[in-house]
Amino acid sequence: MSASEAEQPSGVLRRVVSDTGPMISLERLTGGFRFIRRLYDRIIVPPSVLEELGFGYDHAEAYLEHYGINDLIEVRSVAVQAVLPDLERLHEGEIQAIRLALELGGPLLIEEAAGRRSAQAAGVSISGVAGQIVKAHRQGVISVEKARAMLKEMVEHRRINERIYEQLVAAL
């Protein structure tokens, strides 16, 4: 399964593993979680990612309740401790997310440069939320106008830079 797959056969659960960064991007986008639900039935996160997301809440699950995503997020522990390149440059959430994507054989939403390099070197298919916006447009899930607006919002929230924005808008 790759992060850029166009469609899943009927009855197949559309799922993706996520690191913390993409979840923060989705929080900040107007309708971010509504948008991502149109692409995936389930976002799988390791416990350390949920802990990071839940920082500042009474408990980690309060984060899920706050955003109304209890049914979208599945927390799953990593069973296999795969060796990853550049391990010393990664945070625990990134390490667990990459290992979980390897274990499940699925794509990974990740935005931090060191984590992206490590995941790609390990053979994991990656994307950020900006890439998912382009994917959604290509699949006809959102209009080109909506895609441009969402990408602009990502620039405004400093989730992508102007150069990446220009490249992605050109790709639309």
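Residues numbered from 1 in each chain as written. Predicted model: local features only at pLDDT ≥ 70, side-chain atom pairs only at ≥ 80, totals over all residues. Heavy atoms only, no water.

Chemist: Just checking my understanding: could you explain the pairing of strand β1 (residues 15-18) for this structure?
Modeler: Looking down a regular strand, the side chains alternate between one sheet face and the other. Here β1 pairs with strand β2 (residues 42-45) via three bridges, running parallel. Residue pairing for β2: R15 is matched across the bridge by R42. Where β1 meets strand β4 (residues 108-109), two bridges bridge the pair, whose relative direction is parallel. Paired with V17 across the two strands is L108, which belongs to β4. (Pairing = 2+ DSSP bridges. Helix = DSSP H or I, 4+ residues; strand = E, 2+ residues; numbered from the N terminus.)

Chemist: Would you mind going over the packing of aromatic side chains with me for this structure?
Modeler: To describe a pair of aromatic rings, one takes the distance between the centres and the angle between the planes. One pass over the structure, following the stated rule, counts three aromatic pairs. Seen in terms of ring centroids, Y57 and Y63 are 5.7 Å apart; in terms of plane orientation they differ by 90°. Their pairing is edge-to-face. Residue Y57 is classed as partly exposed on the basis of its relative accessible area, which comes to 28%. The class of Y63 is buried, set by a relative accessible area of 1%. With centroids separated by 5.0 Å and ring planes inclined at 55°, the aromatic side chains of Y63 and Y67 adopt a geometry described as tilted. Within this pair, Y63 and its partner Y67 are both found in helix α4 (residues 60-67), separated by four residues, close to a single helical turn. Three or more aromatic residues link up through ring pairs in this structure, and these residues are F33, Y57, Y63 and Y67. (Phe/Tyr/Trp six-rings, centres within 6.5 Å; stacked < 30°, edge-to-face > 60°. Buried < 20%, exposed > 50% of the residue type's maximum accessible area, 1.4 Å probe, protein only.)

Chemist: What should I look at first to understand the pairing of β2 in this one?
Modeler: In the sheet, β2 pairs with strand β3 (residues 73-75) via three bridges, with the strands oriented parallel. Along β3, the bridge assignment pairs V45 with V75.

Chemist: Help me out: how do you make sense of the sheet that holds β2 in this one?
Modeler: Whenever strands of a sheet pair, they do so through backbone hydrogen bonds, lying parallel or antiparallel. Reading across the sheet, the five strands line up as β3-β2-β1-β4-β5 and stay open at both edges, with parallel pairing between neighbours. A single partner strand is all that each edge strand has here, and the edge strands are β3 and β5 (126-127).

Chemist: Please clarify how the confidence of the model for the protein chain should be interpreted in this entry.
Modeler: Segments scoring low in pLDDT should not have their predicted coordinates read at a detailed level. Put simply, the protein chain has an average pLDDT of 89, and 93% of its residues get 70 or more. Low pLDDT, under 50, characterises residues 1-8; the predicted model gives this stretch 20 contacts beyond four residues in sequence or across chains. (pLDDT = per-residue confidence, 0-100. Contact = heavy atoms within 4.5 Å.)

Chemist: Looking at this model, I keep getting lost on helix α6 (residues 113-121). Mind explaining?
Modeler: Helical geometry note: an α-helix holds 3.6 residues per turn, so side chains three or four residues apart project in the same direction. The set of residues buried in α6 consists of G115, S118 and A119. The buried residues of α6 occupy an angular sector of 100° when the element is viewed end-on, so they sit on one face. Looking at the packing, one finds that the buried side of α6 touches α5 (92-104), β4 and β5. Phi turns positive one or two residues past the end of α6, at G123, with a value near 90°. (Arc of directions from axis to C-beta.)

Chemist: Just to check I follow, could you spell out the environment of I110 for this structure?
Modeler: Within the fold, I110 resides in the loop between β4 and α6. Its relative accessible area of 0% is what places I110 among the buried residues. Residues I110 and A97, spaced 13 residues apart in sequence, show a C-alpha to C-alpha distance of 8.5 Å. Here I110 is in contact with D19, P22, E94, I98, G115, R116, I126, S127 and G128, once residues within four sequence places are set aside.

Chemist: What am I meant to see in the nonpolar core here?
Modeler: One broad trend across soluble globular proteins is that nonpolar side chains are buried collectively. Counting 37 residues, the largest nonpolar core has M23, F35, I36, I43 and I133 as its most contacted members. Apart from residues no more than four positions distant in its own chain, F35 is found in contact with L26, V129, Q132, I133, A136, I142 and M150. Grouped together as the second largest cluster of nonpolar side chains are 16 residues, L108, A119, V124 and I126 included. (Core = buried A, V, L, I, M, F, W, Y, C linked by side-chain atoms within 4.5 Å.)

Chemist: Whenever I open this one, the packing of helix α8 (residues 144-156) against helix α9 (residues 162-171) confuses me. Can you help?
Modeler: When two helices pack together, their arrangement is given by the angle between the helix axes and by the axis-to-axis distance. Packing of α8 against α9 brings their axes to within 10 Å, and their N-to-C directions diverge by 170°. Taken together, the axes of α8 and α9 lie roughly antiparallel to each other. Judged by residue contacts, R148, L151, K152 and V155 of α8 engage E162, Y165, L168 and V169 from α9. Along the lines of polarity and charge, the residues of the contact of α8 with α9 split into five nonpolar, no polar and three charged. (Axes fitted to C-alpha atoms, helices over the stretch in contact; angles between N-to-C directions. Parallel < 35°, antiparallel > 145°, perpendicular 65-115°, else oblique. Nonpolar A, V, L, I, M, F, W, Y, C, P; charged D, E, K, R; others polar.)

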